[in-house]
Structures are given as structure tokens and as C-alpha cells.
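As a plain string of letters, each chain reads:
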Protein chains: 2
Amino acid sequence: MSISSYGFSDSEPERSIRLVKNNPPYNAACEKCSSRHISLCNVLDADELKKFSKISTNFHKNAKQIICSEDENADHIYNIKSGAVRISKMLSDGRRQITGFLFAGDFFGLSCKDRYSYTAEAITDVSICRFPRAKIIKSFQDFPALGERAFDMTRTELESTYDQMLLLGRKTAKEKLCTFLFTMWQKSDRPGVTNKDEVPIPMSRSDIADYLGLTIETISRQFTHLHKLGLIELDGAHKVFLKNPAALSAMAEGD
Amino acid sequence: MSISSYGFSDSEPERSIRLVKNNPPYNAACEKCSSRHISLCNVLDADELKKFSKISTNFHKNAKQIICSEDENADHIYNIKSGAVRISKMLSDGRRQITGFLFAGDFFGLSCKDRYSYTAEAITDVSICRFPRAKIIKSFQDFPALGERAFDMTRTELESTYDQMLLLGRKTAKEKLCTFLFTMWQKSDRPGVTNKDEVPIPMSRSDIADYLGLTIETISRQFTHLHKLGLIELDGAHKVFLKNPAALSAMAEGD
DNA sequence: ATAGATACTTGACAGGGGTCAAATTTGTCC
DNA sequence: GGACAAATTTGACCCCTGTCAAGTATCTAT
């Protein structure tokens, strides 16, 4: 079964279709977008945003729905307003590699070919805005700062993939999970997280395994191991408390 | 021993210093650059190239010399005119991951931070031109096509890192080496390679191992294994003949 | 609240690739 | 061209992580 058998248009919820139909002259949602300050468009002033918002469409996806699929026409760029998304590639026999987890403020889909080279799926319920590819590329010319911002974000993403390659190629299972947890902790000073030690883990063990190049059993064993070492506390499978972030970080680098 | 103890300035050969001193009003080398048609600057017309070439400096490095180091100030962008370069990151205990091999036409060093996040070393003798970071970013504004070209090349690089993450996280040793050899074969229709089956392998077994997340012993064993399967012939360690590229490609994907 | 499905954890065992060591080939420098 | 060093190959052995299986916890829907 190919993952591309689930097309975007098939899984498009009715809600977003209504939004498209009622699309105002400019997208009022942009002005009050909660992730605007950390998104691609944060370099635009009020006037520019007003113009830019005309090409934006908002929609929601429920957890587990596909946002775009490998080998599908790369017609849109997606910007996450809230929720978590996983980006993955698959081999023909079903082996999967998750190349990244994306959150509010992240964008994806700016392919260099005319087809997506990966699949994006909602981990949690997500709120997303998207832009037609041709129009956003035009916008990069109309608003050079926007193009520079997209370039910057792409370079940042590229550098983080280098770190992930070091992890995948050279770190042990324990180091991999420590790296993952510490990174999630660094990202977790967001609204909704009150406790400084608390790290919400929206994705499943299976997702973590496919992100770190391990199996779910190894992930589970390493969680248990870190717990026995006193480095973490678990409250269910999706909430972790880091008891010693510094030690975890050191362990992540093999020290 | 930190790799950053070898600074760029320490290993700068005298030859390139003379070149800097004799720098003409514009860099005549750009006009007749052999890698111009595949490089960053291939979007510039003759006039633009003349202006752009003023910020370029040419130099050579011998095999094994360091071009730039992790944590060093990211002052320059480097463009490879000929030869092969490896990009790597290291853990504190010496474990190394090579994130990519670069060849004529490739560029590197366009960091999003003020320090390089990786080390670049010459695998063969290399001919390189470089540009001060601040000036090339200015050039992206003066010549928008240049910025777009850099952005395109960065996105292409990003997509190839996704493939490499799939390889590192989910492929077997055999599949990894098949992928590597097939990719090198695809890149090898370059001047200097006459035989259609011939693939020059400039890098060492150690480099290949650190690129594929394996050890040199495993690389060596897999070379022997592929030879016994009749898929490759070896002429020394640095020249491979692909006897059946299609089968190798299928094996690279696990089919 | 209960039942079934799904997700996660734990255990037993095995194998792919790592480690250590030695032999062989290739490259380099007078 | 010969000698030494470096790189590569090959062999023996083992461990980390994967596989297979069973048990436990959590989630979802009535």
C-alpha cells in the first residue's frame, strides 16, 4: 500500500472547504495569528501582511490525517499555526524514517522539484495556513525580506539535519533518546507548559523510533533506563519530567 | 584533540596569499572558470559576473588540508572549482559523521549562525574560490537571481539530506554501500571519466564509513560481498566498475 | 463503567555490524 | 627501486540493538 494513495483532496475536511469559499478579500486570520511572531511572515509589516494574507488559506487537520504526500504535486507551502506535524520518507518495504517534527511557526513543502519528496502528517490536531507555490515564490520577489526569511529558515533547518545525521550515524540508543528529550525540553518553553521540568511528548513511541533510527522496543527500554538512572520521571507515555537536564545533555553528547 | 585547533589561517598555503595580494580589479579567473556553468554564479551574465568577481578570491588546498573548521568564525562562503571536499561533524570523543561529499560546482559555508557548524577538508587537491560572507549576502540583494540560485541549491541540499537520513536510520550496510556507489556513479559522467562503468572513488574507506554510519571493516566486507555477487569490479581501492547499475540501484532501496 | 482496540512495556533470544587483531596491499619518500 | 608507513582486507569473537512474543496500560466508544 502506497502512502500516496491518500491524496490531500480526499482527506480535506469540509470545514476548510467552507473557509476557502468564504475567503475574504484579505485573510483576516493573519492579523491575529497566534504564531505570526515566530512564522515565516514575521518580517512583514502590517501593510505587507495585508497584501500577503490574500494568498493564504487556513484549515485544520485532525490527528493522524495526512497533510501532503510523497510524490504528490508540490502545489502548496504549509505553515503550522498550532499542533505538531511529522515529516517522513519511506522505503518500498515500509521502513520509515521521520526526518523531522514540526511545530507552530515551522513551514514545509517548499520543494525544489515539482513533487513533494516526503509525507507530512498531523500528530495532534493542527491549525495550518497554506500558500500556492507559484504565488509565494512571486511574493519572495515582491517582498524580498520574505524570501530572505524563508532562506534563513531553510538554512537553519539544513543545519539541524546535519546534527540529526550525526545522531543517526554515530550515536548510541541512549545518546539518541537523551538528545531527543533534551531538544524537546529546549523547545518546550511554550504557552501551555507551566512546570519548568515538564516536556510534553505529543508523538508516539513509534514516531520517536522512526525519528531516531531505532525500534519502539529500544525506545521503551531506554525510557525505562533513563528513569532508573533518575534522569527522568514519566507521567504516562506523553509527559516527561527532566530531573537533570544538564546531565541529560551531557549524556546526549556521549560525555 | 579538537579539530578546531587547526585554524584556516594556520594552514593557508603561501600560494593563495600571493594570489590575494595580486588580486586584479576584477577576478579574471571567473570568466574562464571551468565550473562556472554548474556553480552558484551560473545565473549571472557577463556584465554581472564581472562585478561579482571582484569579491571572489581563488586558492588551492592540497589533499587532507582543512578548508574551514567547526566553531570557527563563518567569514566566508566557499565554492569548489575542482576536486573533492568532505563536510563533517564530530562528537567530543572523536566519533565523526561526514554529512556530505562536495565536488566542482558545490558551495558551502553559508551558515545561519556566525560560526561554521561543520568542518570542511580537502579529499583531493582542490581549487576553490571564496567570498566574504557579508559581501555575498549583499550580492544576493544586488543580483536577486544569485540569491534565488543559492536558495535553490540549499533546498536541493536539504532534500538530499532527507535521503541520507533515511539511509542512516533505516538501511542495512549492504543497502548503504549500494546507495553510495550508485549515487557516485550517477555523478561520475564528468570529464576525465571515459569508461561508462567506471566510478572514481576519491575518498578513503574511513570517509565512506563515516558518511554511511558504519566502520571501515564493514565497508571493506561489503565491497568484497558486492564483488562476489558480480555487481562490481575493483581496481585498487579508489576505482570501481559497476557491472550492473540497475541491480545495484534496486539493492540500494532494499528491493 | 465495561469491552475491545491500540499503545506501550518487558522478556528471551538472535543476528548484523562493531571491536580487536593480524595479514596484505598500496602509497610515499628518499 | 627499496623501505617504511598508511590504508585496506580478512578473520575471530562479541555486544548492542532488532525480532518475536507475551503481558500490561491506556484510550475510545458505547
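Note: the structure precedes this text.
No experiment lies behind these values; they were computed from the predicted model shown. (Residues numbered from 1 in each chain as written. Chains lettered and ligands numbered in written order. Predicted model: local features only at pLDDT ≥ 70, side-chain atom pairs only at ≥ 80, totals over all residues. Heavy atoms only, no water.)

Quick word on the nonpolar core
Right, on to step 1. Residues F108, F180 and L181 of chain A together with F108, F180 and L181 of chain B are the most contacted members of the largest nonpolar core, which totals 102 residues.
Right, on to step 2. Apart from residues no more than four positions distant in its own chain, F108 of chain B is found in contact with I67, C68, I77, Y78, I80, V85, I87, L102, Y118 and A120 of chain B. (Core = buried A, V, L, I, M, F, W, Y, C linked by side-chain atoms within 4.5 Å. Buried < 20%, exposed > 50% of the residue type's maximum accessible area, 1.4 Å probe, protein only. Contact = heavy atoms within 4.5 Å.)

Focus: the protein's contact with DNA strand C
Right, on to step 1. In the vicinity of DNA strand C there are 17 residues, among which R205 and T224 of chain A together with A173, T218 and R221 of chain B approach most closely.
Right, on to step 2. The protein-proximal atoms of DNA strand C, defined as those within 4 Å of the protein, are 67% sugar or phosphate.
Right, on to step 3. E217 of chain B places a side-chain nitrogen or oxygen 3.0 Å from a base nitrogen of DNA strand C.
Right, on to step 4. Here a base oxygen of DNA strand C sits 2.9 Å away from a polar atom, N or O, in the side chain of R221 of chain B.
Right, on to step 5. Taken together, the elements giving at least two residues each to the surface near DNA strand C come down to α9 (216-228) of chain A together with α9 (216-228) of chain B.
Right, on to step 6. At four residues, α9 of chain A tops the list of elements feeding residues into the surface near DNA strand C.
Right, on to step 7. Residue composition of the surface near DNA strand C, by class: three nonpolar, eight polar and six charged. (Near = heavy atom within 4 Å. Polar contact = N/O pair within 3.5 Å; in protein donor to acceptor, adjacent residues only side chain to side chain. Helix = DSSP H or I, 4+ residues; strand = E, 2+ residues; numbered from the N terminus. Nonpolar A, V, L, I, M, F, W, Y, C, P; charged D, E, K, R; others polar.)

Notes on the protein's contact with DNA strand D
Right, on to step 1. Near DNA strand D, the surroundings consist of 16 residues, among which T218 and R221 of chain A together with R205, R221 and T224 of chain B are the closest.
Right, on to step 2. Within the contact set of DNA strand D, a phosphate oxygen lies 3.2 Å away from a side-chain nitrogen or oxygen of T215 of chain A.
Right, on to step 3. Going through the elements one at a time, α9 of chain A together with α9 of chain B are the ones with two or more residues in the surface near DNA strand D.
Right, on to step 4. If one sorts the elements of the surface near DNA strand D by residue count, α9 of chain B sits on top with four residues.
Right, on to step 5. The residue makeup of the surface near DNA strand D, split by class, is three nonpolar, eight polar and five charged.

Digging into the sheet that holds strand β10 (residues 232-234) of chain A
For sheets, the rule is that strands pair by backbone hydrogen bonds, running either parallel or antiparallel.
Residues and elements named next belong to chain A.
Right, on to step 1. Within the open sheet, the three strands sit side by side as β9-β11-β10. Their pairing is antiparallel. Every other strand in the sheet has two partners, leaving β9 (198-200) and β10 as the edge strands with one partner each. Direction aside, the axes of adjacent strands within the sheet are offset by 30 degrees on average.
Right, on to step 2. As judged from the three bridges shared by β9 and strand β11 (residues 239-242), these two strands associate in the antiparallel manner. Pairing of E198 across the sheet is with F241, part of β11.
Right, on to step 3. Across the sheet, α9 touches β10 and β11, and the angle it forms with β10 is around 120 degrees. (Pairing = 2+ DSSP bridges. Axes fitted to C-alpha atoms, helices over the stretch in contact; angles between N-to-C directions.)

Focus on the packing of helix α5 (residues 133-142) of chain A against helix α6 (residues 144-170) of chain A
All names here are of chain A.
Right, on to step 1. Where α5 contacts α6, the two axes come as close as 4 Å, and the packing angle between them is 115 degrees. Residues S139, F140, Q141 and D142 of α5 pack against P144, L146, G147 and A150 of α6.
Right, on to step 2. Here the contact of α5 with α6 is composed, by residue class, of four nonpolar, three polar and one charged.

Things to note about the relation of the copies chain B and chain A
Right, on to step 1. Least-squares fitting of chain B to chain A yields an RMSD of 0.0 Å, with the transformation described by 0.0 Å of translation along the axis and a rotation of 180 degrees. Considering both components of the superposition, the chain copies are consistent with a two-fold axis.
Right, on to step 2. Taken as a fraction of all interface residues of chain B, those also at the interface in chain A reach 100%, which identifies the copy contact as same-surface. (Least-squares fit on C-alpha atoms with pLDDT ≥ 70 in both.)

Some remarks on the pairing of strand β5 (residues 96-102) of chain B
Residue and element names in this part refer to chain B.
Right, on to step 1. Most of β5 sits out of view: seven of its seven residues are buried.
Right, on to step 2. Taken together, the six bridges between strand β4 (residues 85-90) and β5 define a ladder with antiparallel strand orientation. Counterpart to R86 in the pairing with β5 is F101.
Right, on to step 3. With antiparallel pairing between neighbouring strands as the criterion, β4 and β5 make up a hairpin whose turn holds five residues, including G94 at a positive phi of roughly 100 degrees.

Some details on the interface of chain B and chain A
Accessible area lost when the parts come together is the quantity often used to give the size of an interface.
Right, on to step 1. Contact residues are listed per partner, giving 46 residues for chain B and 47 residues for chain A.
Right, on to step 2. The junction of chain B with chain A conceals about 4100 Å² of combined surface from both sides, 60% of it contributed by carbon and sulfur atoms.
Right, on to step 3. Between R95 of chain B and E175 of chain A there is a salt bridge; the shortest N-O distance is 2.8 Å.
Right, on to step 4. For the pair chain B and chain A, the number of links is 25 residue pairs in polar contact (both at pLDDT 80 or more).
Right, on to step 5. Mapped onto the side of chain B that touches chain A, the elements with two or more residues apiece are β4, β5, α5 (133-142), α6 (144-170) and α8 (205-212) of chain B.
Right, on to step 6. Top element by residues in the side of chain B that touches chain A is α6 of chain B. It accounts for 19 residues. (Buried area = accessible area lost by both parts, 1.4 Å probe. Salt bridge = Lys/Arg side-chain N within 4 Å of Asp/Glu carboxyl O.)

Things to note about unusual backbone geometry
All names here are of chain A.
Right, on to step 1. The phi dihedral of K64 is positive, around 80 degrees, even though this residue is not glycine.
Right, on to step 2. Looking at where K64 falls in the secondary structure, it is placed in the loop between β1 (57-61) and β2 (66-68).
Right, on to step 3. Look at D71: it is not a glycine, yet its phi comes out positive at around 75 degrees.

Overview of the environment of K174 of chain A
All names here are of chain A.
Right, on to step 1. Position of K174 among the secondary structure elements: in helix α7 (residues 173-187).
Right, on to step 2. Sequence spacing of K174 and M251 is 77 residues, and the spatial spacing of their C-alpha atoms is 7.9 Å.
Right, on to step 3. Look past the residues within four positions of K174 in its chain and what remains in contact with it is Q222, H225, L226 and M251.

So, the packing of aromatic side chains
When we look at a pair of aromatic rings, we describe it by the centre distance and by the angle of the planes.
Right, on to step 1. Summed over all chains, the structure comprises 21 aromatic pairs over all chains.
Right, on to step 2. Considering the side-chain rings of F180 of chain A and Y211 of chain A, the 6.0 Å spacing of their centres and the 65 degrees angle between planes classify their relative orientation as edge-to-face. Highlighted residues: F180 of chain A in helix α7 and Y211 of chain A in helix α8 (residues 205-212), separated in sequence by 31 residues.
Right, on to step 3. Over the face of the ring belonging to F151 of chain B we find R155 of chain B, whose NZ or CZ atom lies 4.8 Å from the ring centre.
Right, on to step 4. Across the ring face of F223 of chain B, the terminal group of R205 of chain B is positioned such that the distance to the ring centre comes to 3.9 Å. (Phe/Tyr/Trp six-rings, centres within 6.5 Å; stacked < 30°, edge-to-face > 60°. Lys NZ or Arg CZ within 6 Å of the ring centre and 35° of its normal.)

Observations regarding α5 of chain B
Right, on to step 1. When we look at burial in α5 of chain B, the residues that qualify are R133, I136, S139 and F140 of chain B. Seen from one end, α5 of chain B has its buried residues packed into an arc of 115 degrees, which puts them on one side.
Right, on to step 2. Looking at the packing, one finds that the buried side of α5 of chain B touches α6 of chain A together with α4 (46-52), β3 (76-82), β8 (126-132) and α6 of chain B. (Arc of directions from axis to C-beta.)

Keep in mind that these numbers describe shape and distance, not what the molecule does.
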